[in-house]
Amino acid sequence: MENKAYNSTFKAQLFIYYMMSVVIPLFVVKNFTHEPSTGKHLLYVIGFTIIILSALFSNKKITIKYSYVHLAALGFGITAILSLISVSAENPQYFRYSLDVALFALFVVLTSFYISKEFDTRLKIEFAMFFFIIGAFVVAIDALLNYYAGFDLFLGKVGAPFQRASARSTIGNPNFVSDYMGLTIPMIIYFLVNPYPLKKVVKSRMGIILLKSSMLLFLAPMIAAVFVAETRTVMTGILLGNLLFIIVYLLLSRKFQHEEDPALVKLSRIFIVAALVLAIVLSILYLTPSPLTGKGKLNITRRLEYVLTSSKSWKERFSAWLNSIYQWIDPSHPSRIIFGTGIGTFQLYHLLYSPYVIQERPDYTVVWNNFKRTHNDYVQALSETGILGFSMVVLFLIFMVSRYFRTMLRLKNKTDILMYGAFGAAIFSLAMHTMFEFPLHMQPNLMAGVFIMSITMGTYFNDDLKELQISRTALAIPFVILSGTIIFLKTTAYLGEGFFRKGQVAQQYYYAYAREAIKRNPVAIKNKLKDLENYRGEFAYLKNVGNYYAAREKELRSKFGGLSQVEFLKAIESERKKEFDAIRANLMRELQTAEALQSKTRAYYNRAVDYFERSYRIYPVFGKPLWYLAAFGIKPERVYSLSSDKEKVIQTLMGEDPYAALIVDEFKGDLRVIPLPERNIRTVPFKEFVKAHKEKLTELSDKLYLSFLAQIQAVLDSIDYYESSMIFFSERQTPKIVGGLYKKVYEELKRYGSFLLVREKLYSDTIDLADLLMQIERFENYAKTQMYYWYDLAVTLLPGTWNRYSDWEGIYGEYMTAVVSVGGDTTAVSNRILEIAKKHAFACEGMWEGGYYGIPDDTLGIALKYAGNLKEKHQKEYERFMRELSEIYHGVYVKTKEGLSKFRSEELKKRAEKFIELYEKISTN
């Protein structure tokens, strides 16, 4: 019987799981891993597909054991799929991403059924715990290397030492590294307290000492990793969870006595004391200035004080939670109440609902963060899966907590109470952290959490589980379809993200070489060489001995003054030639370097573009490659290529340039969800004209300067890529960038229209340009309208938060300057400037309410300059404008005056004083 239990512990299926528990937390690939969990998800699915198919083929009849906890979890998996109803209706092009998340959620639930049933002996559970601990130990060591040396075991150099963000290890974020420690440290405590760990394998006293010593060794870096990660909720969760575990264990285990060697019980107590001393020593070292804290660079006490004393820390989370709720209760989409927004959609919609949050709570203007998760999985479940999904989560928690305590009170020996209590401590830490972060989105944390909860609800501890027998065929067919679909989705996701990461690396090299290439212009160097060879300009002194002597007389007399006249002239000539040859050799080296740099720049440009294109083709719901392609589409490497290639110019104007091939032609979802100005994205305004006159335009390409028009089309292609990316990817900069690009299109079309108007009569016999001029004028107006739309969207979606994103403070001034620049109907321009001023004033007031500064000195200055021009021609409009301007800025004027004494920065104080002075002038007048 004992051998049978031992052999079943090491059967192939479980051995695969043991290996997964070590490999998955550590799996990252240098320069290929983007989101750390994507590849880990794939390994989890592949591993469990092999495990479950092996189990199915080994048995004709499959017995499934379950409780209400399992059914509630399964219910959530099903509601995750039902949430796709919202995605298919509102943003069908994003459906594949949500499908990936939903199917994976269901798959994970199915693996919990397997774990609950298969881990039916203490030895199996202990072996799994042991392998989880090994993986966590390596993660902790890697996190410490990251933190103290800026070096990663798997990725190499990752950052600067003593930076909290560096302690990310292979998990993906310091918060989740510490969370993983919170899940595995109670397992170590189990091995230290239990006198007989791995009883059927480790039988000698020396073996037990070695096992416990290794656990003590593992514990040290894991505790240290929790400290360097500085995750407040995890620290609190670990402390409270393990204290509760110890108290419950001491209370419940008093009625049971260990039946075996008292010496081993005593040995365990020694190791417990050693672990306690270790924890106390590390706590002292990390809570006081020491070499481990970089002499105070790591300050856990200050960080804990901040969360208790600073409202910003809490508001940041509340802002995201409220955002999630607004997404759920959006009256435009009533079905969301039942089905949610769709699983995996928060990351796409978060920015779009920030105006609702800030409108209700202006002080949240300061705390907005570019979160891709709600930072509360309970709220995110409500938002993304609706009442259906949230009810399953609530039922799951109720059933699990109820069963946990009922089972705990029924346990019959100390070891089981110890293990069950350790798992309870881990669950408590995870549940607490899940209220403020999203650890279950990280595959290692998810895998450990599912293991722990499945065991606590499984057959080993619960002998009253319900049973269901089903034929393997009835299970195998749907399982193969499910797992095959997920493997395809996860493989494409991993490869897509991988090539995107390679594109990012190539992009970094591109920018590095481009910066150096700018410093060395090959054309300028070639011109210098020509000047040298023709003895022109700065090299005229090298033309002959006389010129050279005149330029270097003092130096030459000093060097060759003792020579005869003939020898002196020979020496001068020799020096002239030497200097000529040295300058020429140096210029040739510079030219060679410059050309090599340009070649490298072009090569990395092409490589980056190729990787981004490959990424999107493989995984077409990943919007980031489109965003980067948008930026690369207006780089010199593409724009300059349109100046010499006539065929490419025509191709670009007809919208057939291969570079633009991945632009999404049309958005097929709801424009109230993705705020595009119209469904049609692809913009090729001159296509029909070019198509109708292709041959003549090719002939006149240089004379009509069509390459300039093609460069404008290149900008439009870039805009289209940015718009396409919005279907899949939320980025705060997109509306601002697109607004600026449309301003550029407007200005360049104005220039080209004027240029073409002059040439219209010159080529009237060859081609009628009136139609093209009319299209240009029409598109100028379109570009102006689009510019207004996108700039307005930028300041609507993100009114403030320049305390975090300093580049954002100038957005209102940029928008207002653009409005003045493009001009138009006086009343319309005045109203738009006033509207911008109103939005800026609101944002500034919100910043003041949030405890930061808001000084609209730039927009007030621009508005007053505009008013000065207005006064000369439109007196009544000027008076109305100034009156409304005074009303708009009054509130922020009061707050700025009140806050003047609080400024520490002289620069900000001067800005505030300038704003106050400007305002008081207009209010007095």
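The structure we're discussing is the one just above.
To keep things clear, this report deals only with the structure shown in the data block. (Residues numbered from 1 in each chain as written. Predicted model: local features only at pLDDT ≥ 70, side-chain atom pairs only at ≥ 80, totals over all residues. Heavy atoms only, no water.)

On to helix H33 (residues 857–873), then. An ideal rise of 1.5 Å per residue puts 24 Å on 17 residues; H33 measures up with 25 Å between its terminal C-alpha atoms. Looking at H33, one finds that the buried residues are Asp 857, Thr 859, Leu 860, Ala 863, Tyr 866, Ala 867 and Leu 870. (Helix = DSSP H or I, 4+ residues; strand = E, 2+ residues; numbered from the N terminus. Expected span 1.5 Å × (residues − 1). Buried < 20%, exposed > 50% of the residue type's maximum accessible area, 1.4 Å probe, protein only.)

This part takes up a nonpolar patch on the surface. Taken together, Ile 78, Leu 82, Ile 85, Ile 338 and Leu 388 make up a surface patch of nonpolar side chains, about 370 Å² in accessible area. Tracing the chain through its elements places Ile 338 in helix H14 (residues 336–339). (Patch = residues over 30% accessible without salt bridge, like charges linked within 9 Å, V, L, I, M, F, W, Y side chains within 5 Å. Areas by Shrake-Rupley, 256 points an atom, 1.4 Å probe, with all protein chains shown as cover. Salt bridge = Lys/Arg side-chain N within 4 Å of Asp/Glu carboxyl O.)

Glancing now at unusual backbone geometry. With phi around 60°, Asn 31 is a residue other than glycine that occupies positive phi space. Summarising the element assignment, Asn 31 is placed in the loop between helix H2 (12–26) and helix H3 (36–58). Phi at Ser 169 is positive, roughly 55°, even though this residue is not glycine. Structurally, the position occupied by Ser 169 is in the loop between strand E3 (156–157) and helix H8 (174–193).

Taking 1.5 Å as the rise per residue, helix H20 (residues 522–533) with twelve residues should run 16 Å; its terminal C-alpha atoms sit 16 Å apart, in good agreement. What H20 keeps buried is the set Pro 522, Ile 525, Leu 529 and Leu 532. Looking down the long axis of H20, one finds its buried residues gathered within 80° of arc, a one-sided arrangement. Elements in contact with the buried residues of H20: helix H22 (565–618). For H20, the N-terminal capping position is held by Asn 521, with its side-chain oxygen 3.0 Å away from the main-chain nitrogen of Val 523. Once H20 ends, the next one or two residues include Tyr 535, with phi positive near 55°. (Arc of directions from axis to C-beta. Contact = heavy atoms within 4.5 Å. Polar contact = N/O pair within 3.5 Å; in protein donor to acceptor, adjacent residues only side chain to side chain.)

Inspection of the entire model under this criterion finds 44 salt bridges. We note a salt bridge from Lys 124 to Asp 120, for which the minimum N-O separation is 2.9 Å. We classify Asp 120 as partly exposed; its relative accessible area is 38%. Two residues, Glu 920 and Lys 897, come together in a salt bridge whose shortest N-O distance is 3.1 Å. Of the two residues, Glu 920 sits in helix H35 (residues 906–924) while Lys 897 sits in helix H34 (residues 875–899), which places them 23 residues apart along the sequence. Judged by its relative accessible area of 29%, Glu 920 falls in the partly exposed class. Beyond isolated ion pairs, a larger network of salt bridges with shared partners links Arg 638, Asp 657, Arg 682, Asp 717 and Asp 720.

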